[in-house]
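Listed below are the residues making up each chain.
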Amino acid sequence: SEVATMMDKPVTDIISACMMLGMMVTMNQRLDAETLKIVAEEFNYTVEFVGAEVEESIEEVEDKEEDLLPRAPIITVMGHVDHGKTSLLDYVRKANVIAGESGGITQHIGAYGVTLEDGQKIAFLDTPGHEAFTAMRARGAQVTDLVIIVIAADDDVMPQTKEAISHAQAANVPIVFAINKVDKPNANPDNIKTQLSSMNLLVEDWGGNIQSQEISAKTGQGIDELLEKVLLEAEVLELKANPDKNAVGTVVEAQLDKGRGYVSTILVQAGTLKIGDYLLAGKHSGKVRAMFDERGNKVQVAGPSTPVSILGLDGAPQAGDKFNVFEDEREAKQIAAKRSQLQREQSVRTQKTLTLDEIGRRIALGDFKELNIILKGDVDGSVEALTDSFQKLSTEEIQVNILHKGVGAITESDVLLASASDAIIIGFNVRPQSNARVVADREEVDIRTYSIIYDAINDLKDAMEGMLSPEM
Ligand code: GDP
């Protein structure tokens, strides 16, 4: 309605323009920036954004090169179930309790920092598995610098291992393989390396460029070496942050604690957080009353790559929410309120993620370069056949990428990967699991299932030619 007034057109015209673009909207609905532009173009108007939104006020200032100092890498551990993710995280945590520190680890706070003997630091996100990793990424938070993928040497490269690799690759995050359980008599690390090499993942001691380390999360063998390799790999990334400004970062997890109120674990990514700072995280705000490390020790300040749990927010923000520090308490509260309002209004949301129809439309508009696909099938043969055919559809203008492929039902993790990477999911003779369907509805991820290869290829081709008829 506001747009209609500005362009002096009847509201119904705007609504039908939106419908032509495949969006069912109501008069009071907010349109996102991209949609606004397209709709306005339909009426020969150009949209200029002049920063009326309060959100604009938290635009970040570019850091000066000389203010940037090295920061510790932030690591996520992923891998197949039972291959030893939790054991590795536990071992690292216990082995690196700083001498003289009392008590040891008392609570799980979703993230922790370790200091190695030589003083180097690493921050671990203690949310093993790619679900948390990708759920955060789906919310726009790229926190992890580097991924450790644990593979049990007495087992094989399993479906979840492959998934973890796809998730890390889709996020463009370097991988270090931890080949675990080498204390077991039937451990066969070479078998794992062979399987990896057949997936085009060549580890360093086999002449490739991917770091790997044989470890035992039970005895601790190889873990120091693993951490050294992680640091080495991190060095290449030249991770830096400016510690000397108001803190910014991401929420790792949050909950309501009976005695203490809302406790949020956050990861400071740049700047330094201090007690008394006024914080805005997602839809919540509040003054930092106290900060604790993972051992429950009080801390006064938290610099870049430091996880802390904090008290003082007026609610529980979501994992993946960004946080900022505000000089002006009123402004932070205003933005928090605005965000809550926006979220309510957008509960009838406009399309966020991609559907095959949307791809056709955007290709027709000429603003589309890559088509990301997650492919699941009933047997390896059909998955490979479809991969080949899909990739052959790539043209000079549009690159078809198979982000992940595998045998088996479409899982929640596939949907999260699709949501985080703007991909569509194609199932061949497989269906989504029921929870995958729920998440797909929520994240608005397009899942297409086929039982005839020819149909799948044709649909994709039609979409790429911008002439797909909507799925009934
Ligand atoms: P996760 O599901 O990947 O978190 O795996 P866990 O850390 O829970 O480990 C699964 C099982 O493997 C547990 O029974 C662990 O005790 C065992 N395990 C993990 N690492 C090792 C290891 O290095 N050696 C041996 N022998 N057992 C291990």
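Residues numbered from 1 in each chain as written. Predicted model: local features only at pLDDT ≥ 70, side-chain atom pairs only at ≥ 80, totals over all residues. Heavy atoms only, no water.

1. Observations regarding the overall build of the protein chain
In step 1: Helix and strand content of the protein chain: 14 helices and 22 strands.
In step 2: Once local pairs closer than 6 in sequence are excluded, the contacts in the protein chain between residues at least 24 apart make up 71%. (Helix = DSSP H or I, 4+ residues; strand = E, 2+ residues; numbered from the N terminus. Contact = heavy atoms within 4.5 Å.)

2. A closer look at the side chain of Thr387
In step 1: Looking at the secondary structure, you find Thr387 in helix H11 (residues 380-392).
In step 2: Since its relative accessible area comes to 4%, Thr387 is described here as buried.
In step 3: Setting aside residues up to four positions removed in sequence, Thr387 forms contacts with Leu375, Ile402 and Lys405. (Buried < 20%, exposed > 50% of the residue type's maximum accessible area, 1.4 Å probe, protein only.)

3. A closer look at the site of the ligand
In step 1: In the neighbourhood of the ligand, 15 residues make up the surrounding shell, with Asp82, Lys85, Thr86, Ser87 and Asp183 lying closest.
In step 2: Contact distances for the ligand include 2.7 Å between an oxygen atom and a backbone N or O atom of Asp82.
In step 3: No other element matches the three residues that helix H4 (residues 85-95) contributes to the shell around the ligand.
In step 4: Here the residues of the shell around the ligand are counted per class, giving two nonpolar, seven polar and six charged. (Near = heavy atom within 4 Å. Polar contact = N/O pair within 3.5 Å; in protein donor to acceptor, adjacent residues only side chain to side chain. Nonpolar A, V, L, I, M, F, W, Y, C, P; charged D, E, K, R; others polar.)

4. Here we look at the packing of helix H5 (residues 130-138) against helix H6 (residues 159-170)
In step 1: The interhelical angle for the contact between H5 and H6, taken along N-to-C directions, is 25°, at an axis separation of 10 Å. Between H5 and H6, the crossing angle belongs to the class labelled roughly parallel. Both H5 and H6 take part in a crossing whose hand is left-handed. Along the contact surface, H5 presents His130, Glu131, Phe133, Thr134 and Arg137, while H6 presents Gln160, Glu163, Ala164, His167, Ala168 and Ala170.
In step 2: Its residues assigned to classes, the contact of H5 with H6 comprises four nonpolar, four polar and three charged. (Axes fitted to C-alpha atoms, helices over the stretch in contact; angles between N-to-C directions. Parallel < 35°, antiparallel > 145°, perpendicular 65-115°, else oblique. Left-handed = near helix turned anticlockwise from the far one by under 90°.)

5. Concerning the sheet that holds strand S6 (residues 175-180)
In step 1: With mixed pairing, the six strands of this open sheet are ordered in space as S3-S4-S2-S5-S6-S7. For this open sheet the edge positions go to strand S3 (111-115) and strand S7 (211-214), each flanked by a neighbour on one side alone. When the angles between neighbouring strand axes are averaged without regard to direction, this sheet yields 25°.
In step 2: When strand S2 (residues 74-79) meets strand S5 (residues 146-152), the two strands line up parallel, connected through five bridges. Residue pairing across strands places Met78 opposite Ile149, the latter belonging to S5. (Pairing = 2+ DSSP bridges.)

6. Some thoughts on the nonpolar core
In step 1: Counting residues in hydrophobic clusters, the biggest one holds 24 residues, and the most contacted among them are Leu88, Val92, Ile122, Phe124 and Ile148.
In step 2: For this core, the elements supplying multiple residues, two or more each, are S2, H4, S3, strand S4 (121-125), S5, S6 and helix H8 (223-237).
In step 3: With six residues, the single largest contributor to this core is H8.
In step 4: Excluding residues that lie within four positions of it along the chain, Phe124 makes contacts with Ile75, Val77, Leu89, Val92, Ala111, Tyr112, Val114, Ile148 and Leu227. (Core = buried A, V, L, I, M, F, W, Y, C linked by side-chain atoms within 4.5 Å.)

7. Structural notes on the sheet that holds strand S9 (residues 248-257)
In step 1: With antiparallel pairing, eight strands are arranged side by side in an open sheet as S13-S12-S18-S9-S10-S17-S14-S15. Edge positions in the open sheet fall to strand S13 (284-287) and strand S15 (298-299), since each of these has one partner strand only.
In step 2: With three bridges joining them, strand S14 (residues 290-292) and strand S17 (residues 306-311) adopt antiparallel strand pairing. Looking at the pairing, Met291 lines up with Ile310 of S17.

8. Things to note about helix H13 (residues 434-443)
In step 1: If you check which residues of H13 are buried, you get Ala436, Val439, Ala440 and Glu443. All buried residues of H13 fall inside an arc of 105° around its axis, so they share one side. Turned more than 90 degrees away from the buried face of H13, the exposed residues are Ser434, Val438, Asp441 and Arg442.
In step 2: Structurally, H13 contributes buried residues whose contacts are with H5, helix H12 (412-421) and strand S22 (447-450).
In step 3: Positive backbone phi, at 55°, marks Glu444, one or two positions downstream of H13. (Arc of directions from axis to C-beta.)

9. Examining the confidence of the model for the protein chain
In step 1: Per-chain confidence: the protein chain averages 85 in pLDDT, with 88% of residues scoring 70 or above.
In step 2: The low-confidence segment residues 347-352, where pLDDT is below 50, has 18 contacts with residues more than four positions distant or belonging to other chains.
In step 3: This stretch, residues 467-472, has a pLDDT under 50; its non-local contacts, to residues over four places away or in other chains, come to eleven contacts.
In step 4: With pTM at 0.72, the complex prediction returns an ipTM value of 0.99. (pLDDT = per-residue confidence, 0-100.)

10. So, the environment of Ile122
In step 1: With respect to the helices and strands, the residue Ile122 is situated in strand S4.
In step 2: Residue classification places Ile122 among the buried positions, given a relative accessible area of 1%.
In step 3: Spatially, the C-alpha atom of Ile122 lies 8.5 Å from that of Leu227, the residues being 105 residues apart in sequence.
In step 4: Setting aside chain neighbours within four positions, we find Ile122 in contact with Ala72, Pro73, Ile75, Tyr112, Gly113, Val114, Leu116, Leu227, Val230 and Leu231.

11. Quick notes on unusual backbone geometry
What is expected of a backbone is that most residues other than glycine have negative phi and most peptide bonds are trans.
In step 1: Of note, the phi angle at Asn44 is positive, near 60°, even though the residue is not glycine.
In step 2: Its place among the elements puts Asn44 in the loop between helix H3 (33-42) and strand S1 (69-70).
In step 3: Take Asn44: its relative accessible area is 74%, and that puts it in the exposed class.

12. Concerning the environment of Asp446
In step 1: Looking at where Asp446 falls in the secondary structure, it is placed in the loop between H13 and S22.
In step 2: C-alpha separation for the pair Asp446 and Val415, spaced 31 residues apart in sequence, amounts to 8.9 Å.

13. What about the packing of H12 against H13?
In step 1: Close contact between H12 and H13 brings their axes to 8 Å; oriented N to C, the two are set at 20°. One finds that H12 runs roughly parallel with respect to H13. Note on packing geometry: the crossing formed by H12 with H13 is right-handed. Across the interface between the two elements, Glu412, Val415, Leu416 and Ser419 from H12 touch Asn435, Ala436, Val439, Ala440 and Glu443 from H13.
In step 2: Among the residues making up the contact of H12 with H13, the classes are represented as five nonpolar, two polar and two charged.

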